[in-house]
Amino acid sequence: MSLHDPLGPPFAAAGTQVKTTTCYMCACRCGIRVHLRDGEIRYIDGNPAHPINKGVICAKGSSGIMKQLSPARLTQPLLRKAGSERGAGEFEPISWDRAFQILEERLSRIRATDPRQFALFTGRDQMQALTGLFARQFGTPNYAAHGGFCSVNMAAGMIYSVGGSFWEFGGPDLQHAKLFVMLGTAEDHHSNPLKAALSRFKRGGGRFISVNPVRTGYSAIADEWIPIKPGTDGALLMALLHELIANDLVDRAFLKRFSNAPQLVVLDEGEREGLFAFDPAAGPPPDGRHPHNKLVWDLASRRVVAAYPEGVAEGVDPALEGRFTLPDGTRVAPAFQLLVERVRDCSSVWAAGITGIPAQRIARLARELGETALQQAFELPIAWTDAWGRRHETTSARPVAFHAMRGLAAHSNGFQTVRALAVLMSVLGTIDAPGGFRHKAPYPRHIVPNYRPFNSPEQVQPNTPLNAAPLGFPASPEELAVLPDGTPLRIDHAFSWEYPLAAHGLMHNVIANAARGDPYRIDTLLLFMANMAWNSSMEPLATRELLTRKDADGGYMIPFLAVCDTFQSETVAFADLVLPDTTYLERHDVMSMLDRPISEFDGPVDSVRVPVVAPPSGCKPFQEVLVELASRLKLPAFTTAQGGRKFSGYQDFIVNFEAQPGVGFLMGWRGSEGTEPLRGAPNPRQWEMYAANNCVFQHHLPEDMQYMRNWNRAYLDFAQSKGWRQKNDPIQLAIYSDVLQGFRLAAQGKSKGRQPPAHLRERIATYFDPLPFWYPPLEDGVTDRGAYPLNAVTQRPMAMYHSWDSQNAWLRQIHSHNWLHVHPATARAAGVADGGWAWVDSQWGKVRCQLRYSEAVEPGTVWTWNAIGKGRGAWRLADDADESRKGFLLNHLISSELPAPGSPRSIMSNSDPVTGQAGWYDVRVRLRPAAADEPHETFPQVAAMPAVPGTRARPPHWLAYFAGGSRR
């Protein structure tokens, strides 16, 4: 990471043109300046005028130039040769007219007969508002993005608990924090801004603790590293809650006013068991969408009162603990009392046996958290008014910040682990408080957010849009996407009884389910930017077989596969139709408030990309492809009342599409003259105005709206007026989740309405606990831990992002292959030398790789960088490239499915049972040395992929640019 001279690079000279845009070498989305000479990109640096990175740039960002020069660039549409087998990589070039004709004819037929037969699954894209709109307008429920195999547990676990989540929707306020605890975070999430914030935090005297099996990246600069066994973070968090409560290091005033901790839960058996008590005279029973008819026990008057508004009135003191009886005889207890009982046995000693962290260290960490949050608290002179009209003259800081990502999320116990973290932060009073976890607009959302996923099977009709978006947040069993008999409505089984809260969909299930015809066959699968035939799939060799599987008639089980990508990935070989995308430096793009904006704590931020150079003549941005297809298919949102095209292309669509009056994809420079921020009529010069302002728009909220936004009256009203929220109700933190309890009651047969299939009742009843709890990852239950004693995990490397950049000539020089990193004592016990070749076995598969000793790893864990290993010939790397001969994937050791005796298929996805999050980090392995006469190359190997038409020949050497302007 470096901060360059804001005047430009040292070789800046007359004739150099500088253009600004937004980086996409990872998902951080920093502002960059691209320097061109003679129309060619010569240099990329950070943009000092950009609010996200303020000029900071990393190795990936500065190496974007080599993306333009990659020999793997796809430069023309391709069609699988007639008679060739899928996977052979044999293609003929075709025109875009022919490509559109193929898709239009095929998709028109599907839409006119059974829209479910089209599935659109997108990888690491940042335009889900567009792709989701396309799927909804087409009428297919079979749509998802990458989140199901990335971090849906983090998103859902926190949104269902506090109304927002880490990274794009919130994060640690290191400006006001004194203690920062990071759990399970690799170095690519919010990379440059977080590095800069950590630098300021540490220079200001802040203390940084990292809890992670591996000490790399951020963890390498931590003041203290606490190694932990993978998949056990939930046990640590439950023990921390135990210690905090036992030592009364709890922000009781915060819990009473701003959470559901004092709200009374019914203890009596029956259809209301475990749900919140309510006053029938005041309205319907509370649920996930209408939560405000609840009760609390007032210690002052020793009687039951309404949680709102009486429970927050002056003089009322809601009980957090105890058991009470309502006037009608119903036994109840505050939700916090049930949490106290839940963590009572979760001692530090108990957690030490699970996590490998000494009990004394766990207890000390809890004290440090509680004492910093409560005893080092301070007030900011910022007055604000809460949702009930009470004015607060100051804003209370709780200077303990956390950050967590896939290390917690990518386990089959991740949802409840993330819930435990959210409850821990709530108990300390840190939610949207200075120094704690802070939201980023358009969050916080309602708990549960006020939009459900599509779930009406009778409304899947020919030539008809869906009546709801394919993705969303179910609040009850009635909102699941299932048929009357309980069968999943979607091809990936998302939002079914198998994975009810699958907020992002389950991309990792689609190929296996489609190849089995489970629950039905599809006709066409369109994949965008998803390397499912290699590093984006567990057991990639099995996925490759599924992509080529045929039915009894000799046709492919997935009849047509279209792949859109910029480069010749491993998955391209399996396509029937290849659509060549552009790079981020060649297209218009948006980071939208309707999608995944780049907002800061102090207000909303969105940004755009604008073309810096022209793409190859045969490439089209996928965004343009979707708008063109939508127009050809006459999808209603893209068609005028007369049946003509509503938009001339993607740029026109972004300017003129309105999700609701005055609310579009971009919030900057709205209004016919570009004078209205946040909301206003379309502005025909909007792209031009973004381009003239560093491609970014930032709106600073007044100070009295920047904190406590779950309950901040001014902010709630403002957010509703701008279309970010449907309601302006306060968003009480869900210490206890009645939403989860609603699913559990259905599984127990105690509620009316939808019931799960018999084979899933116990699963739902177990994992849909309204209070967080820890359980071993599901794979532990089907694995002999004595035979496979080690955990195996991957991390994304700092210098590369997924598989995009291991074909980048500059970044390959940092590391062209990966090693398995093992603690020396563990490796020696297995008989493997430092630098030696070893076999790594799981019960599902094996890999041969080179091993490196490292004391920066927990002794029971082995790890490697992910996505560096490549299939031979893919990405236009030489057949003997390090990436394929020495690089490897741990994916070959991971099973996508686990045994499930009693289920109809006797298998279940290797996923979290609540959200369907892929359990990437649950596999257990053993080590053994490779024989001396074995080849010094990784195993498994695949047949070399031939170069597809249109890709460049590999250059004999790479171009180098010098200050004097010469090239070599």
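Just above sits the structure.
In short, a report on the structure. Predicted model only: the values in this text are computed from it and were never measured.

With respect to the state of the cysteines
Move 1: Per the stated rule, a full pass over the model turns up zero disulfides.
Move 2: Free cysteine: Cys30, not disulfide-bonded; nearest cysteine sulfur from Cys28 at 3.7 Å.
Move 3: For Cys30, a relative accessible area of 5% corresponds to the buried category.

Describing the sheet that holds strand E35 (residues 861-865)
Move 1: With mixed pairing, the six strands of this closed barrel are ordered in space as E31-E35-E32-E34-E33-E38. Averaged over all pairs of adjacent strands, the angle between their axes in this sheet comes to 45°, without regard to strand direction.
Move 2: Relative to strand E34 (residues 846-853), strand E33 (residues 837-841) is paired through five bridges, and the arrangement is antiparallel. By the bridge assignment, Asp841 is partnered in E34 with Lys846.

Thoughts on the nonpolar core
Move 1: Ranked by size, the top nonpolar core spans 167 residues in total, and within it Phe166, Leu183, Phe402, Leu421 and Leu525 carry the most contacts.
Move 2: Residues within four places of Leu421 in sequence aside, it is in contact with Phe166, Leu183, Leu237, Phe402, Ala404 and Leu408.
Move 3: Within the second largest apolar cluster, 109 residues are counted, among which are Leu130, Ala155, Tyr650 and Tyr767.

Thoughts on the packing of aromatic side chains
Aromatic rings considered in pairs are described by the distance between their centres and by the relative angle of their planes.
Move 1: Inspection of every chain in the model, using the stated rule, returns 35 aromatic pairs.
Move 2: Here Phe118 and Phe138 contribute two aromatic rings whose centre-to-centre distance is 4.8 Å and whose plane-to-plane angle is 55°, an arrangement assigned as tilted. Taken together, the residues Phe118 in strand E8 (residues 118-122) and Phe138 in helix H4 (residues 128-138) connect sequence positions 20 residues apart. Note on accessibility: Phe118 and Phe138 belong to one class, buried.
Move 3: Judged by centre distance (4.9 Å) and plane angle (80°), the ring pair of Trp669 and Tyr690 falls under edge-to-face. Taken as a pair, Trp669 in the loop between helix H17 (650-656) and helix H18 (686-691) and Tyr690 in helix H18 lie far apart in primary sequence, 21 residues in all. Judged on exposure class, the residue Trp669 and its partner Tyr690 are both buried.
Move 4: An aromatic cluster of three or more residues is present, and its members are Phe638, Phe647, Phe653, Phe657 and Phe665.

Observations concerning the side chain of Glu897
Move 1: In this structure, Glu897 sits in strand E36 (residues 897-899).
Move 2: In terms of polar contacts, Glu897 uses its side chain to reach the side chain of Arg516, at 2.7 Å.
Move 3: The contacts of Glu897, once residues within four sequence positions are left out, are Ala512, Arg516, Glu539, Arg905, Ile907, Met908, Ser909 and Asn910.

Remarks on the packing of helix H7 (residues 233-246) against helix H9 (residues 335-343)
Move 1: Between H7 and H9, the least distance of the axes is 9 Å, while the angle of their chain directions is 115°. Judged by the angle between their axes, H7 and H9 are roughly perpendicular. Along this stretch, H7 crosses H9, giving a crossing that reads as left-handed. In contact with Met238, Leu241, His242 and Ile245 of H7, H9 contributes Phe336, Leu339, Val340, Arg342 and Val343.

Remarks on the environment of Leu745
Move 1: If you trace the backbone, Leu745 turns up in helix H20 (residues 738-747).
Move 2: Overall, the relative accessible area of 1% leaves Leu745 in the buried class.
Move 3: C-alpha of Leu745 to C-alpha of Ala878: the two residues are 133 residues apart in sequence and 58 Å apart in space.
Move 4: Setting aside anything within four residues of it in sequence, one finds Leu745 in contact with Gly270, Glu271, Glu273, Leu275, Lys750 and Ser751.

A closer look at the layout of surface pockets
Move 1: Computed from the structure, the second largest pocket encloses a volume of approximately 770 Å³.
Move 2: Lining the second largest pocket are 35 residues, with Lys54, Gln175, Arg200, Glu600 and Phe601 sitting closest to its centre.
Move 3: The element contributing the most residues to the lining of the second largest pocket is helix H6 (residues 191-203), with seven residues.
Move 4: Tallied by class, the residues present in the lining of the second largest pocket amount to 16 nonpolar, eleven polar and eight charged.

Considerations on the pairing of E35
Move 1: Of all five residues that make up E35, five are buried, and the element is covered over most of its length.
Move 2: Burial along E35 is two-sided: Thr861, Trp863 and Trp865 and Val862 and Thr864, pointing in opposite directions, are all buried.
Move 3: Where strand E32 (residues 820-822) lies against E35, two bridges are found, and the strand directions are antiparallel. Of the residues in E35, the one forming a bridge with Val822 is Val862.

Side note on helix H15 (residues 540-547)
Move 1: Pro540, Thr543, Arg544, Leu546 and Leu547 are the residues of H15 that are buried. In a view along the axis of H15, the buried residues occupy a sector of 160°, so they form one face of it.
Move 2: Residues of H15 that are buried sit in contact with helix H14 (510-516) and strand E26 (560-565).

Quick word on the environment of Ala799
Move 1: Within the element layout of this structure, Ala799 appears in the loop between strand E31 (790-795) and E32.
Move 2: Along the backbone, Ala799 and Gln17 are 782 residues apart, and their C-alpha atoms lie at a distance of 27 Å.
Move 3: Other than its neighbours up to four places away in sequence, Ala799 contacts Lys60, Leu811, Ile814 and His815.

Thresholds, definitions, all that
- Residues numbered from 1 in each chain as written.
- Predicted model: local features only at pLDDT ≥ 70, side-chain atom pairs only at ≥ 80, totals over all residues.
- Heavy atoms only, no water.
- Disulfide = S-S within 2.5 Å.
- Buried < 20%, exposed > 50% of the residue type's maximum accessible area, 1.4 Å probe, protein only.
- Pairing = 2+ DSSP bridges.
- Helix = DSSP H or I, 4+ residues; strand = E, 2+ residues; numbered from the N terminus.
- Axes fitted to C-alpha atoms, helices over the stretch in contact; angles between N-to-C directions.
- Core = buried A, V, L, I, M, F, W, Y, C linked by side-chain atoms within 4.5 Å.
- Contact = heavy atoms within 4.5 Å.
- Phe/Tyr/Trp six-rings, centres within 6.5 Å; stacked < 30°, edge-to-face > 60°.
- Polar contact = N/O pair within 3.5 Å; in protein donor to acceptor, adjacent residues only side chain to side chain.
- Parallel < 35°, antiparallel > 145°, perpendicular 65-115°, else oblique.
- Left-handed = near helix turned anticlockwise from the far one by under 90°.
- 1 Å grid on protein atoms, 1.4 Å probe; cavity = no way out; pocket = protein on both sides within 12 Å on 5 of 7 lines; lining within 4 Å.
- Points joined across faces, edges and corners; volume = space filled by probe spheres on them.
- Nonpolar A, V, L, I, M, F, W, Y, C, P; charged D, E, K, R; others polar.
- Arc of directions from axis to C-beta.

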